Amino acid sequence: MKGLGFLWVLLAFAVVVLAAGIPYWRLPYAEINRGHFAVLPGALLLGFLTLVLVIAEVARVKLIAVTMLLAVPAIDIVSIVKDTAADPTSHNLWPFELVIAALSGGAVVLPVVGIGLAVRWAMARMEAR
């Protein structure tokens, strides 16, 4: 499984970007900050797939964490490119948007990676008995 681990991680990344990105990209830029729950399933999927990848040990934890941490900024980059193509002044603070996107992704991915490592540790302890 580890030989194909990088492919599994990339597949999970693509699934998260598309599943969370499509509802996000459909929202007009003026309405994004009004608290839409269309992106909640994508956030849950990001956490779930990260947890599965860590518990299944498909790749190194660092690779999984870094790749999944890049999912939310990738979604935001596509949104920035799409919106600035229509109105070049719409994202004049895009560096801050990317930082917020990275922090938002980190708020989901980092705790889940910790939970996944704890589950792996507990499973190893139970298997050793």
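What counts and what doesn't
- Residues numbered from 1 in each chain as written.
- Predicted model: local features only at pLDDT ≥ 70, side-chain atom pairs only at ≥ 80, totals over all residues.
- Heavy atoms only, no water.
- Helix = DSSP H or I, 4+ residues; strand = E, 2+ residues; numbered from the N terminus.
- Buried < 20%, exposed > 50% of the residue type's maximum accessible area, 1.4 Å probe, protein only.
- Contact = heavy atoms within 4.5 Å.
- Areas by Shrake-Rupley, 256 points an atom, 1.4 Å probe, with all protein chains shown as cover.
- Lys, Arg positive; Asp, Glu negative; His and termini not counted.
- Charge placed at Lys NZ, Arg CZ, Asp CG, Glu CD.
- Patch = residues over 30% accessible without salt bridge, like charges linked within 9 Å, V, L, I, M, F, W, Y side chains within 5 Å.
- Salt bridge = Lys/Arg side-chain N within 4 Å of Asp/Glu carboxyl O.
- Core = buried A, V, L, I, M, F, W, Y, C linked by side-chain atoms within 4.5 Å.
- Axes fitted to C-alpha atoms, helices over the stretch in contact; angles between N-to-C directions.
- Parallel < 35°, antiparallel > 145°, perpendicular 65-115°, else oblique.
- Nonpolar A, V, L, I, M, F, W, Y, C, P; charged D, E, K, R; others polar.

Novice: Can you help me understand the overall build of the protein in this one?
Specialist: Broken down by element type, the protein carries five helices and zero strands. Counting from the amino terminus, helix and strand elements in the protein follow one another as α-α-α-α-α. The principal-axis extent of the C-alpha atoms belonging to the protein is close to 60 × 30 × 20 Å. Within the protein, the proportion of its 129 residues that are buried is 33%. Intrachain contacts of the protein at a sequence separation of at least 6 include 75% that bridge at least 24 residues. Accessible surface, the protein as shown: approximately 8100 Å² in total, 74% of it carbon and sulfur. Of the side-chain charges in the protein, 9 are positive and 7 negative, and the distance between the mean point of each set is 14 Å.

Novice: Explain a nonpolar patch on the surface to me, please; I cannot follow it from the model alone.
Specialist: A surface patch of nonpolar side chains, about 660 Å² in accessible area, is lined by Leu4, Phe6, Leu7, Trp8, Leu10, Leu11 and Val15. Note that Phe6 resides in helix 1 (residues 5–26).

Novice: Would you mind showing me how to read the pattern of salt bridges here?
Specialist: Side-chain pairing between opposite charges can occur once the charged atoms of the two side chains come close. Overall, the coordinates contain two salt bridges when judged by the stated rule. Arg120 is paired through a salt bridge with Glu57; the nearest N and O atoms lie 3.9 Å apart. With Arg120 in helix 5 (residues 94–128) and Glu57 in the loop between helix 2 (40–56) and helix 3 (61–69), the pair connects residues that are 63 residues apart, well separated along the chain. Put simply, Asp83 and Lys82 hold a salt bridge, and the shortest N to O gap is 3.0 Å. Asp83 sits in the buried class, given a relative accessible area of 9%. According to the relative accessible area criterion, Lys82 is partly exposed, its value standing at 38%.

Novice: Looking at this structure, how should I read the environment of Val112?
Specialist: You can see Val112 is positioned in helix 5. Sequence separation of Val112 and Leu51 is 61 residues, and the distance between their C-alpha atoms is 5.8 Å. Not counting the four nearest positions on each side in its chain, Val112 is found in contact with Gly47, Thr50 and Leu51.

Novice: Sorry, what's going on with the nonpolar core here?
Specialist: Soluble, globular proteins show a tendency: their nonpolar side chains are buried together. Ranked by size, the top nonpolar core spans 22 residues in total, and within it Leu53, Ile64 and Met68 carry the most contacts. Sorting the residues of this core by element identifies helix 1, helix 2, helix 3, helix 4 (71–86) and helix 5 as the ones contributing at least two each. Apart from residues no more than four positions distant in its own chain, Met68 is found in contact with Ala12, Phe13, Val16, Leu46, Leu49, Thr50, Leu53 and Val109.

Novice: Which parts of the structure should I look at to understand the packing of helix 1 against helix 2?
Specialist: Two quantities define a packed helix pair, namely the angle between the axes and the distance from one axis to the other. Closest axis-to-axis distance for the helix 1/helix 2 pair is 9 Å, and the angle between their directions is 170 degrees. With respect to their mutual orientation, helix 1 and helix 2 come out roughly antiparallel. Counting all contacts with helix 1, which are made through Trp8, Val9, Ala12, Val15, Val16, Ala19 and Ala20, the residues of helix 2 involved are Gly42, Leu45, Leu46, Leu49 and Leu53. By residue class, the composition of the contact of helix 1 with helix 2 is 11 nonpolar, one polar and no charged.

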